[in-house]
Amino acid sequence: MFTFCTSAQKVYKPVDTSNVDTTNYVQYYIIEGDTILHESIGLDEVIILGKLKFKDKFARRKYLILRRKTRKVYPYAKLAADRLSVLNERLENINSKKQRKRYVKMLQKYMEEEFTAELKKLTRTEGQILVKLVYRQTGKTMFELVKEYRNGWRAFWYNNTARLFNISLKEKYDPINVEEDYWIEDVLQRSFQSGILKEQKTALDFSFYDLRNKWSGNAKTTSIKR
């Protein structure tokens with residue numbers, strides 16, 4: 001790579017920059033004396049979250065309860081997505097239908113033995129939030145996951161058992177149209193930025209910037225790059 005530098009007074013010889021380490025360099029354009037950052041460099045988007053405002057003490061208390069429950073169950077949803085990713089990768093390399101079935105059963109048994117006791121301690125609302133977050137991380141409802149990796153009858157049984165506790169395994173996560181889901185997303189984004197929760201990319205397609213504008217009724221949220 002060669003860089004040519006010119007001015008009205010002098011013409012400089014080409015400078016060989018092929019061996020220069022540009023890892024920590026930032027690229028700029030100089031246009032009519034103004035220095036402008038080259039924005040084509042891929043950077044992560046960061047949402048600057050404003051201070052929360054509540055209309056009354058009840059609304060604030062409701063948010064704090066939702067925050068506690070969301071932070072409690074999110075790691076389980078993240079783990080479910082991790083395990084599903086590993087499962088699908090392994091199944092791609094297993095051709096035998098019998099061996100595939102055996103591997104799925106083995107993984108299910110491992111998950112049940114390791115986490116069933118903890119999941120049973122969840123309250124009804126925590127369980128429903130978990131169902132939503134599993135959909136957020138995998139793009140599939142828990143009903144669809146059970147049906148896909150077990151069979152339709154068991155999925156039906158699980159869903160109707162969950163209904164006894166007023167939990168639907170078919171529940172989706174929809175922060176665009178459901179206000180409670182938007183507040184769950186708000187909790188997650190704040191928890192990611194503060195380091196309380198470890199972020200895992202959602203399987204869904206939505207912009208938190210747009211969500212904030214819709215549900216807050218203003219355009220004060222600022223999007224920057226880092």
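Our subject is the structure listed above.
A quick note: this is a predicted structure, and the numbers were derived from the prediction, not measured. (Residues numbered from 1 in each chain as written. Predicted model: local features only at pLDDT ≥ 70, side-chain atom pairs only at ≥ 80, totals over all residues. Heavy atoms only, no water.)

(A) Inspection of the overall build of the chain at higher detail. From N to C terminus, the chain includes seven helices and six strands. In sequence order, the secondary structure elements of the chain are arranged as β-β-β-β-β-α-α-α-α-α-α-α-β. Looking at the chain as a whole, 31% of its 226 residues qualify as buried. In the chain, the share of contacts with a sequence separation of at least 24, taken over all contacts with a separation of at least 6, comes to 67%. Roughly 16,400 Å² of accessible area belongs to the chain as shown, and the carbon and sulfur atoms make up 53% of that amount. (Helix = DSSP H or I, 4+ residues; strand = E, 2+ residues; numbered from the N terminus. Buried < 20%, exposed > 50% of the residue type's maximum accessible area, 1.4 Å probe, protein only. Contact = heavy atoms within 4.5 Å. Areas by Shrake-Rupley, 256 points an atom, 1.4 Å probe, with all protein chains shown as cover.)

(B) Region of interest: the nonpolar core. Within the largest apolar cluster, 29 residues are counted, with the highest numbers of intra-cluster contacts made by Leu-87, Leu-133, Tyr-149, Tyr-173, Ile-184 and Leu-188. Only α1 (57-92), α2 (97-119), α3 (124-138), α4 (142-149), α6 (179-194) and α7 (208-216) provide two or more residues apiece to this core. Among the elements that make up this core, the one with the highest residue count is α1 (seven residues). Leave out the neighbours within four places in its chain, and Tyr-173 touches Lys-132, Leu-133, Tyr-135, Arg-136, Asp-181, Ile-184, Glu-185, Leu-188, Leu-204 and Phe-206. Grouped together as the second largest cluster of nonpolar side chains are seven residues, Val-131, Phe-143, Ala-155 and Ile-167 included. (Core = buried A, V, L, I, M, F, W, Y, C linked by side-chain atoms within 4.5 Å.)

(C) Layout of α7. Restricting attention to buried positions, one finds in α7 the residues Phe-208, Leu-211 and Arg-212. Down the axis of α7, the buried side of the element spans an arc of 100°, and every buried residue falls inside it. (Arc of directions from axis to C-beta.)

(D) Representation of the pattern of salt bridges. For the coordinates displayed, the defined rule picks out eight salt bridges. For Lys-140, the salt bridge is made with Glu-148, and the minimal N-O distance between the two is 2.5 Å. One salt bridge connects Arg-190 with Asp-186, and the closest N-O pair in it is separated by 2.8 Å. You can see Arg-190 and its partner Asp-186 sitting in helix α6, four residues apart, about one turn around the helix. (Salt bridge = Lys/Arg side-chain N within 4 Å of Asp/Glu carboxyl O.)

(E) Inspection of α3 at higher detail. The first and last C-alpha atoms of α3 sit 21 Å apart over 15 residues, in line with the 21 Å expected at 1.5 Å per residue. Within α3, 13 of the 15 residues are buried, leaving the element largely enclosed by the surrounding structure. At the exit of α3 stands Gly-139, carrying a positive phi of roughly 80°. (Expected span 1.5 Å × (residues − 1).)

(F) Structural context of the environment of Glu-126. By the element assignment, Glu-126 lies in helix α3. For Glu-126, a relative accessible area of 2% puts it in the buried group. Separated by 52 residues in sequence, Glu-126 and Tyr-74 have C-alpha atoms that sit 9.8 Å apart. For Glu-126, the contacting residues outside a window of four places in its chain are Arg-68, Lys-69, Lys-72, Val-73 and Lys-121.

(G) Spotlight on the packing of aromatic side chains. Overall, the coordinates contain six aromatic pairs when judged by the stated rule. Centroid distance Phe-54 to Tyr-63: 5.4 Å. Interplanar angle 50°. Geometry classified as tilted. The exposure class of Phe-54 is partly exposed, given its relative accessible area of 28%. Note on Tyr-63 and Trp-183: the rings are 5.6 Å apart at their centroids and 80° apart in plane angle, and the pair reads as edge-to-face. (Phe/Tyr/Trp six-rings, centres within 6.5 Å; stacked < 30°, edge-to-face > 60°.)

(H) A positive patch on the surface, seen in detail. A cluster of basic side chains, namely Lys-97, Lys-101, Lys-105, Lys-109 and Arg-154, defines a positive patch on the protein surface. Tallying contributions element by element places α2 first for the positive patch, with four residues. For Lys-97, the location among the structural elements is in helix α2. Looking at Lys-97, the relative accessible area reads 72%, which means it is exposed. (Patch = residues over 30% accessible without salt bridge, like charges linked within 9 Å, V, L, I, M, F, W, Y side chains within 5 Å. Lys, Arg positive; Asp, Glu negative; His and termini not counted. Charge placed at Lys NZ, Arg CZ, Asp CG, Glu CD.)

(I) Representation of the environment of Ala-155 in the model. Among the secondary structure elements, Ala-155 is positioned in helix α5 (residues 152-163). Overall, Ala-155 belongs to the buried group, its relative accessible area being 0%. Put simply, Ala-155 and Glu-144 are eleven residues apart on the chain and 7.6 Å apart in space, counted from C-alpha to C-alpha.

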